[in-house]
Amino acid sequence: MPELTIRSPARAERLATVEGDVFRIGRDAGNDLQLDDPRSGRHHAELVREGVRYTLRDLNPVSQTSVNGEFCRERLLAPGDEIRIGDTLLIYDDGTGEELLPSAFEEHRLPVADLGEPSGEGPLGLLYQVGKQVLSASTLDDLNEFALALVFRCVKAERGALLLRDEKTQELRPRLLQDRAGRRLGPDELVVPTSIVREVVSGQIGLLTSDALHDPRFEERASVRSSHIRSALCAPLWDEGDILGVVYLDSRLLSYAFTRDDLALLTAIGNLIAIRLKQDILYAALAEERVARSQLERYHSPGVVEEILRNTKQRGVAEIGFEERDVTILFADVKGFTRQAEQLTPSAVASFLNEYYAVATRSVFDHGGTVNEFVGDSVMAVFGAPVPQEDHAERAVRAGIEMLQQLRTGAPDGAPPIRVAVNSGRVVAGSIGPPARLKYAVVGDAVNVAARLEAIAEPDAITLGEETFRLLGGSMECEDLGPTPLKGKARPIRIYRIRVDVGPGRRTPGPS
């Protein structure tokens, strides 16, 4: 049932129930509501029932009546309207009261007949326009400004704010602070009460308070008292149980400024903004992954790329932690390249190296390896890390064979020959370097031995360390070269060789 909250200098605050088709207000004792106010008329005003609502009519020819600060003779009342008669303030409530509402859109859906046509200025028309902007607005900020401007048309809010979740800290931070006139506000001009935001986020609900200063939920909350808020609305930006932010409206001038319909409208708009926000988050993540993938794919096989991206998603870091692995290392270089390069122009050298690197990289990737680095004319690749491979030794050897065949088949006279060395063993593998220059690397004696083998390898052949030979298990024909001293090693290492038939008469990249 409708009520009037009565506030006057002469008496404590009280309530009066509005009943009947005509409810009379004035100083005379015969009125339904008698005012102890010498500035009011004897029969000052009346509330006349029209369906389920009441219209205020001013009956006093001398002392005018105002509603929400505007003088009027007749006015259809809405919940929260403040009627001023003399020194007395009457706050109208239609009897529905305020309450917390769940934030699911279905719970706020209003009858279409009550909302108006989509092209109009009613709530349905507003939602229709915001929905169009979700798809057409060039940026999220454009959508937010558009939505808030439309909300101010339908809701008697003084100020509005949009707070969005920071993906790094998970805290809600102001994205848009604005008043009814469209003026941007600074963070010191509009401080959204943390107690209200916390209530909305923790409960995943929309919140309406018609008299925040006297609301028992916030009586002990300093953030509400210090903001001097009379009425407030706050709705979550909701996406499948995930709170992405909140949209907030308030009034410091009016109590009972908002209705449950206003909260339903704000919640629906919040859901629409959340859709666009989620889209932007997903698009940004996809774009970031595309950039990261394109960079990683230049040096890593698809398996390594997937491993790095998976770690990035799970742990938030684009790196692979250190771990011991059994791997096979491949080194390849161009014999006599330094001497050959002296006879070529710099552009010719660069052209040859690019073609050489492209063929080497493709051969390594085709067999599931990772190109670890390029140093001059030397290529280093690793098999068996970061993705474990039981046959890492065979993969490395087959990649070397393919590399030699593609790079040396029918090379022109005078083209420098290619040599390949492969060695297996236990290493430590992982991301090393400063955050801005991280790279995947393998460290261990197996790497050093592979580098030494490359230095003594013969052209058009693959030189193997003894552990690689053992892992091949006789699957390939190898020539035993016997124990061989290597620079930096205390004892000789037994090495093996696989000769590769590169075939005559075929053309492949070479310096020209």
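See above for the structure.
Basis of the calculations
- Residues numbered from 1 in each chain as written.
- Predicted model: local features only at pLDDT ≥ 70, side-chain atom pairs only at ≥ 80, totals over all residues.
- Heavy atoms only, no water.
- Helix = DSSP H or I, 4+ residues; strand = E, 2+ residues; numbered from the N terminus.
- Buried < 20%, exposed > 50% of the residue type's maximum accessible area, 1.4 Å probe, protein only.
- Contact = heavy atoms within 4.5 Å.
- Areas by Shrake-Rupley, 256 points an atom, 1.4 Å probe, with all protein chains shown as cover.
- Salt bridge = Lys/Arg side-chain N within 4 Å of Asp/Glu carboxyl O.
- Pairing = 2+ DSSP bridges.
- Expected span 1.5 Å × (residues − 1).
- Lys, Arg positive; Asp, Glu negative; His and termini not counted.
- Core = buried A, V, L, I, M, F, W, Y, C linked by side-chain atoms within 4.5 Å.

Student: Would you take a moment to explain the overall build of the protein for this structure?
Tutor: When its secondary structure is counted, the protein shows 12 helices and 25 strands. Relative to its full complement of 512 residues, the protein shows a buried share of 49%. Sequence-distant contacts, at least 24 apart, represent 59% of the contacts inside the protein between residues at least 6 apart. Per element, the accessible surface of the protein, about 25100 Å² overall, is 50% carbon and sulfur.

Student: Got a minute to help me understand the pattern of salt bridges in this structure?
Tutor: Two side chains bearing opposite charge may form a pair once their charged atoms approach each other closely. A complete count under the given rule lists 30 salt bridges for this structure. A salt bridge links Arg 175 to Asp 141, with the nearest nitrogen and oxygen atoms 2.7 Å apart. With Arg 175 in strand β14 (residues 172-179) and Asp 141 in helix α3 (residues 140-154), this residue pair connects regions lying 34 residues apart in the sequence. Overall, Arg 175 belongs to the partly exposed group, its relative accessible area being 40%. Residue Arg 426 is joined to Glu 324 by a salt bridge in which the shortest nitrogen-to-oxygen separation is 3.3 Å. Of this pair, Arg 426 sits in strand β21 (residues 418-432) while Glu 324 sits in strand β18 (residues 323-334), and the two are 102 residues apart along the sequence. Exposure remark for Arg 426: the relative accessible area of 46% places this residue in the partly exposed category.

Student: Just checking my understanding: could you explain the sheet that holds strand β3 (residues 22-26) for this structure?
Tutor: Across a sheet, strands are paired by hydrogen bonds formed along the backbone, either parallel or antiparallel in direction. With mixed pairing, the five strands of this open sheet are ordered in space as β4-β3-β5-β6-β9. Each edge of the open sheet is held by one strand with a lone partner, namely β4 (33-34) and β9 (74-76). Strand direction decides the pairing type here: β3 and strand β5 (residues 45-50), joined by four bridges, are antiparallel. Counted as the bridge partner of Phe 23 is Leu 47 from β5.

Student: Got a minute to help me understand helix α9 (residues 346-366) in this structure?
Tutor: The periodicity of an α-helix, 3.6 residues per turn, causes residues three or four places apart in sequence to face the same way. For α9, spanning 21 residues, the distance from its first C-alpha to its last is 30 Å, which sits close to the expected 30 Å at 1.5 Å a residue. For α9, the complete set of buried residues consists of Ala 348, Val 349, Phe 352, Leu 353, Tyr 356, Tyr 357, Val 359, Ala 360, Thr 361, Ser 363, Val 364 and Phe 365. Backbone geometry just after α9 places Gly 368 at a positive phi near 80 degrees.

Student: So what exactly am I meant to see when it comes to unusual backbone geometry here?
Tutor: What is expected of a backbone is that most residues other than glycine have negative phi and most peptide bonds are trans. Residue Ala 385 is joined to Pro 386 through a cis peptide bond whose omega torsion reads 0 degrees. Of note, Tyr 256 is a non-glycine position whose phi angle comes to about 55 degrees, a positive value. The exposure class of Tyr 256 is buried, given its relative accessible area of 17%.

Student: Explain the side chain of Glu 402 to me, please; I cannot follow it from the model alone.
Tutor: Structurally, Glu 402 is set in helix α10 (residues 392-408). One buried charged residue, Glu 402, remains without a salt bridge, the closest side chain of opposite sign being Arg 362 at 5.8 Å. Ignoring any residue separated from it by four or fewer positions in sequence, one finds Glu 402 in contact with Arg 362, Ser 363, Asp 366 and His 367.

Student: Quick question: what am I supposed to make of the nonpolar core here?
Tutor: The tendency in soluble globular proteins is for nonpolar side chains to be buried as a group. Ranked by internal contacts, the top residues of the largest apolar core, which has 37 residues, are Leu 330, Tyr 356, Val 397, Val 422, Ile 462 and Leu 464. Breaking this core down by element, the ones donating at least two residues are β18, α9, β20 (378-383), α10, β21, β23 (461-465) and β25 (493-499). Counting residues per element, this core draws most heavily on α9, which supplies 10 residues. Discounting chain neighbours no more than four positions away, the residues touching Leu 464 are Val 397, Val 422, Leu 453, Leu 472, Cys 478, Arg 494, Ile 495, Tyr 496 and Ile 498. By size, the runner-up hydrophobic cluster in this structure holds 36 residues, among which are Ala 147, Leu 244, Leu 263 and Leu 266.

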